Amino acid sequence: MDWPESIRVGDRMSPMPLTVRWTAKVTEAVRLMREVRISHLPVLDGSNRLVGIVTDRDLRQVILD
């Protein structure tokens, strides 16, 4: 069995993750997350650079506030 110290992050990551633009509406992100059953979305700016990650918890908080 491989122990965690011998496993590379690159071996476990999603090579082509689903992303959302920072300009996307909250409802769009929620719909996308529900459709593909994920709880985190990388957020990209206009230059396709990673600027953050939004979680289902983040979005639930927005909706509840």
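Predicted, not measured: the structure shown is a model, and the values here were computed from it. (Residues numbered from 1 in each chain as written. Predicted model: local features only at pLDDT ≥ 70, side-chain atom pairs only at ≥ 80, totals over all residues. Heavy atoms only, no water.)

S.K.: With reference to specific residues and values, describe the overall build of the chain.
M.R.: Looking only at helices and strands, the chain features three helices and three strands. The order of helices and strands in the chain, counted from the N terminus, is α-β-α-β-β-α. The C-alpha atoms of the chain give a radius of gyration of 14 Å, which is well past the 11 Å a tight globule of 65 residues would have. With respect to the three principal axes, the spread of C-alpha positions in the chain is 45 × 30 × 20 Å. Taking all 65 residues of the chain together, 20% fall into the buried category. (Helix = DSSP H or I, 4+ residues; strand = E, 2+ residues; numbered from the N terminus. Rg over C-alpha atoms; globule rule 2.2 N^0.38 Å. Buried < 20%, exposed > 50% of the residue type's maximum accessible area, 1.4 Å probe, protein only.)

S.K.: Kindly report on the layout of surface pockets, identifying the contributing residues and their values.
M.R.: Over the atoms, a rolling probe the size of a water molecule traces out where space has been left empty. A volume near 180 Å³ is recorded for the largest pocket. Val30, Met33, Arg34, Ile38, Asp56, Leu59, Arg60 and Ile63 are the residues that line the largest pocket. Residue assignment for the lining of the largest pocket shows that the elements contributing at least two residues are helix H2 (26-36) and helix H3 (56-64). A per-element tally of the lining of the largest pocket places H3 first, with four residues. (1 Å grid on protein atoms, 1.4 Å probe; cavity = no way out; pocket = protein on both sides within 12 Å on 5 of 7 lines; lining within 4 Å. Points joined across faces, edges and corners; volume = space filled by probe spheres on them.)

S.K.: Describe the pattern of salt bridges, listing the residues and the values that go with them.
M.R.: Inspection of every chain in the model, using the stated rule, returns four salt bridges. With a shortest N-O distance of 2.7 Å, Arg31 and Glu35 are connected by a salt bridge. In this pair, Arg31 and Glu35 both sit in helix H2, four residues apart, roughly one turn of the helix. By relative accessible area, Arg31 is classed as partly exposed at 40%. Residue classification places Glu35 among the exposed positions, given a relative accessible area of 53%. For Arg49, the salt bridge identified is with Asp45, shortest N-O distance 3.0 Å. Taking the relative accessible area as the measure of exposure, Arg49 reaches 53% and is therefore exposed. Assessed through its relative accessible area of 12%, Asp45 is described here as buried. (Salt bridge = Lys/Arg side-chain N within 4 Å of Asp/Glu carboxyl O.)

S.K.: Summarise the packing of H2 against H3; cite the residues concerned and give the values.
M.R.: Interaxial distance between H2 and H3 falls to 11 Å at its minimum, and their mutual angle equals 135 degrees. Accordingly, the angle class assigned to the pair H2 and H3 is oblique. For the element pair H2 and H3, the recorded crossing hand is left-handed. On H3, the residues touching Val26, Ala29, Val30 and Met33 of H2 are Asp56, Leu59, Val62 and Ile63. For the contact of H2 with H3, a count of residues per class yields seven nonpolar, no polar and one charged. (Axes fitted to C-alpha atoms, helices over the stretch in contact; angles between N-to-C directions. Parallel < 35°, antiparallel > 145°, perpendicular 65-115°, else oblique. Left-handed = near helix turned anticlockwise from the far one by under 90°. Contact = heavy atoms within 4.5 Å. Nonpolar A, V, L, I, M, F, W, Y, C, P; charged D, E, K, R; others polar.)

These results come straight from atomic positions and should not be treated as a statement about function.
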